[in-house]
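Given next are the chains, with one letter for each unit.
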Amino acid sequence: MNNQRGAAERGRDVTRAWFAPSADRRSLLDRAHRGDIVGALGRVPAADTGPRPSRRRRIAALLAIMGPGVIVLAADNDAGGISTYAQAGQDYGLRFLWLLIVMAGVLLVNQEMAGRLGAVTGAGHARLIYERFGRRWGAFALSDLLIVNFLIIVTEFIGVSLALRYFGVSPYVSVPMAALVLIALPLAGRFRRWERAMYLLVATSFVTVPLLVLVRHSAPLTAVPAGPRHLAPEGTVLMVVALIGTTVAPWQLFFQQSNVVDKRITARWLPYERADTVAGTLVFALGAVAILVACALAFSATPLHGAFIDASTVAGELRNRAGEWAGALFAVALLNGSILGAGAVTLSASYAIGDVSGAKHSLHRTWRDAPKFHGSYAAIVALAATIVLIPGAPLGIVTTGVQALAGVLLPSALVFLLLLCNDRAVLGPWVNTRWLNVIAATVVAVLLVLSGLLTISTLFPRAENDWLVTAILVISAGALGGLFGLRLSSQDAASPPGRSSPGKPAWTMPSIETLPPPVRSLTRTIALVILRAYLLLAAVAVVIKIVRLITAS
Amino acid sequence: MRRSRPGRPAGESHLSEAVAERLADAMFALSTPSRVLILGCLLEGPRSVGDLTSILGMEQSSVSHQLRVLREHTLVRAERVGRQRVYALHDEHVIALLLAGLHHVEERGRSGAAAGDSARSAPGDRAAGSPSG
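Described below are features of the structure shown in this document.

Reading the values: the criteria
- Residues numbered from 1 in each chain as written.
- Chains lettered and ligands numbered in written order.
- Predicted model: local features only at pLDDT ≥ 70, side-chain atom pairs only at ≥ 80, totals over all residues.
- Heavy atoms only, no water.
- Helix = DSSP H or I, 4+ residues; strand = E, 2+ residues; numbered from the N terminus.
- Expected span 1.5 Å × (residues − 1).
- Bend = angle between axes of the 7 residues up to and from the residue.
- Buried < 20%, exposed > 50% of the residue type's maximum accessible area, 1.4 Å probe, protein only.
- Salt bridge = Lys/Arg side-chain N within 4 Å of Asp/Glu carboxyl O.
- Polar contact = N/O pair within 3.5 Å; in protein donor to acceptor, adjacent residues only side chain to side chain.
- Contact = heavy atoms within 4.5 Å.
- Buried area = accessible area lost by both parts, 1.4 Å probe.
- Nonpolar A, V, L, I, M, F, W, Y, C, P; charged D, E, K, R; others polar.
- 1 Å grid on protein atoms, 1.4 Å probe; cavity = no way out; pocket = protein on both sides within 12 Å on 5 of 7 lines; lining within 4 Å.
- Points joined across faces, edges and corners; volume = space filled by probe spheres on them.
- Core = buried A, V, L, I, M, F, W, Y, C linked by side-chain atoms within 4.5 Å.

### As for helix 6 (residues 125-166) of chain A
Residues and elements named next belong to chain A. Given a rise of 1.5 Å per residue, 42 residues ought to cover 62 Å, yet the end C-alpha atoms of helix 6 are separated by just 39 Å, more than 12% below that figure. At Gly 134, helix 6 shows its maximal bend, which comes to roughly 145 degrees. Burial analysis of helix 6 places 31 of its 42 residues in the buried class, the great majority of the element. Backbone geometry just after helix 6 places Gly 168 at a positive phi near 80 degrees.

This is the structure in structure tokens:
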């Protein structure tokens, strides 16, 4: 009797496994985005919809699903990141260590939202912006992403050439080699192979830990001074903004969302994807903190303190201060970060292009199968590498341009992200919770102010920036942002699917073209008006700068 | 993908894995009701985006988007007639595919209704999504 009931229940379980509404996302653009999850460290069949009772099976699933978050956040410590952390450590000691920890929290919040959008909707970030904010905002977000990404990739190749020059390799050898490696990474059309290659790079990024240990043992353990006297305070503001500008970048949102879709992670696996993002945040924080602290320890109370030039001089000076190995490890970290960063940033561009153009875009596809995807990827890499090799190319302008443009794009990307994560038609029961909205809106408001300052100060180096004004602006923006976050949550109480409804794990966005048009709420209008005003301000600043450059020459 | 064996004896199946992938891709393009509606419209002859928008009552942006997906899967081609850009079914295979599909669905619908087997068809309805869009 008992046995029979057991059999009947098992039978029902089987039925449910087959006919339960598995979270099959309906807005996919590419068949390759549907199927088994084939991660670097494991596999989850698409038909696997049952519960995972044992800890061993949960860990196996986590290992298979982990990837997008770890890769995107490890890639955040790229050429620009490493040289900025090194600069902060060398010039300001440990003064900005707290900022890196705060930034890790900001990254966690942002990337969790992007990963959730990917898993629940099955659509890329660019396509969601097109569909929910219209063609013009979509085109703006996409073109801005492509331009900034391209400039970032150029800086990654500068990182490659600096790192390998330390080992005596000519840029004319190192840069083409790096470009070939990068183009070969996704070419096999095997998601697992690509992810394993990225994991190898992520693992190599941990060389920053032995670097820190080496420096710690060779440098005299004196208290690190809070900061040199001779540095003007406006430099400090710029340092804060530069640190933020290099750590939070829009490509990360586009990358993680598309990579989650491409990895076939559905809403059912969201807890695991969140764990993946947390793991990635730890990888990011470890790498960034190790470099900042190593440079702080190595250069404190030396004449080099406050005299940062660029990443390659840091490597040379680390060799002088802490031995042959320290210099080499720093150069390896820089090379590794540049390759990892270039791989991820380029991929985010190719994903976005495929996403908007409807072309097949998946790492599961070979060159022959998805020529536009692989072609755009190879073209971007080749073009960026070529620019770095042109003698006398204005690479300084590129670096400045990256920071200024990133300042323009970043807040807009975050405004879209926040609005999308409160769009009930898109995320259903998965919309942001109230506390997350308050945190995220505060962060966006603060970044909006700081990015505005970054834009202005990169364009006008002599503009006055003092701590008091900055602090007042930041605090008031943060408070306004928090209030705005509260508004975002309270706008529609009559929501169709409750946040804790039993069908939540299986909820998935309906076909994107069947969605009702976005609700025209006051909150949304305010957000878009602020965004327009901000962009107008940035555009005016750029125009003034160009006019000045022309009249000066 | 990894389980493919190139040295499989002939005659067991005349579909190679690569062909199966391509066929699955073509069928994927048919897996969204709005794209099927667009193809159904094109069965009657070439149409511009404007025509399709007004006939189907869909947003212009989503019609263009779905047309891009259909072109990517070589189900639809674009040609220029004077100043206008007109979309047509890619070739006669596509017409045959659509007609065969329609035939298949209508046939099954009739036999299913005759057998009174409504339970069996429920999962299929769900997979097809809402045809209202």
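### As for the pattern of salt bridges
Here the structure, examined in full by the defined rule, presents 12 salt bridges over all chains. Put simply, Arg 365 of chain A and Asp 30 of chain A hold a salt bridge, and the shortest N to O gap is 2.7 Å. Here Arg 365 of chain A is found in the loop between helix 14 (324-357) and helix 15 (371-389), whereas its partner Asp 30 of chain A is found in the loop between helix 1 (2-19) and strand 1 (37-39), with 335 residues between them in sequence. When sorted by exposure, Arg 365 of chain A lands in the same class as Asp 30 of chain A, which is buried. For Arg 365 of chain A, the salt bridge goes to Asp 25 of chain B, with nearest N and O atoms at 2.8 Å. Separated into two different chains, Arg 365 of chain A in the loop between helix 14 and helix 15 and Asp 25 of chain B in helix 1 (residues 17-29) make up a pair that spans both. Each of the two residues, Arg 365 of chain A as well as Asp 25 of chain B, counts as buried.

### Regarding the side chain of Thr 246 of chain A
Mapped onto the elements of the fold, Thr 246 of chain A is located in helix 10 (residues 233-247). A polar contact of 3.1 Å, which involves the side chain of Thr 246 of chain A, links it to the backbone oxygen of Leu 243 of chain A.

### Topic: the interface of chain B and chain A
Listed per partner, the contact involves 22 residues of chain B and 25 residues of chain A. In this assembly, chain B packs against chain A so that about 2200 Å² is buried in total across both faces, 46% of it on carbon and sulfur atoms. Applying the counting criterion to the chain B and chain A interface returns four salt bridges. A salt bridge links Glu 21 of chain B to Arg 31 of chain A; its shortest N-O distance comes to 2.9 Å. Counting across the interface, chain B meets chain A through seven residue pairs in polar contact (both at pLDDT 80 or more). Among the secondary structure elements, those contributing two or more residues to the side of chain B that touches chain A are helix 1, helix 4 (60-72) and helix 6 (118-128) of chain B. With nine residues, the top contributor of residues to the side of chain B that touches chain A is helix 4 of chain B. When grouped by side-chain class, the residues that make up the side of chain B that touches chain A number five nonpolar, 11 polar and six charged.

### Structural notes on the environment of Ala 533 of chain A
Residue and element names in this part refer to chain A. Locating Ala 533 in the fold gives a position in helix 20 (residues 522-552). Judged by relative accessible area, Ala 533 falls into the partly exposed class, the value being 46%. With 406 residues separating them in the primary sequence, Ala 533 and Arg 127 have C-alpha atoms 24 Å apart.

### Focus on empty space enclosed by the protein
All names here are of chain A. One pass over the structure, following the stated rule, counts five cavities of 30 Å³ or more. Taken as a whole, the largest cavity holds about 120 Å³ of empty space. Along its surface, the largest cavity is lined by 15 residues, and Asn 77, Ile 82, Ser 205, Thr 208 and Gly 287 are the ones closest to its centre. Among the elements of the structure, helix 12 (270-299) and helix 14 are those that each provide at least two residues to the lining of the largest cavity. Element by element, the count of residues in the lining of the largest cavity is highest for helix 12, at five residues. Class assignment for the residues of the lining of the largest cavity results in nine nonpolar, six polar and no charged. Estimated volume of the second largest cavity: approximately 70 Å³. When residues of the lining of the second largest cavity are assigned to their parent elements, the largest contribution, three residues, is made by helix 11 (residues 250-262). Taken together, the residues of the lining of the second largest cavity break down into five nonpolar, six polar and three charged.

### Some thoughts on the nonpolar core
Among the nonpolar cores identified, the biggest contains 175 residues, and Phe 157, Trp 194, Trp 251, Leu 318 and Phe 330 of chain A are the most heavily contacted of them. Not counting residues within four places of it along the chain, the set of residues in contact with Phe 330 of chain A comprises Ile 82, Ala 86, Leu 211, Ile 291, Cys 295, Ala 311, Val 314, Ala 315 and Leu 318 of chain A. Judged by nonpolar contacts, the second largest core, of 17 residues, contains Leu 39, Met 58, Val 63 and Val 76 of chain B.

Shape descriptors only; they carry no functional weight alone.
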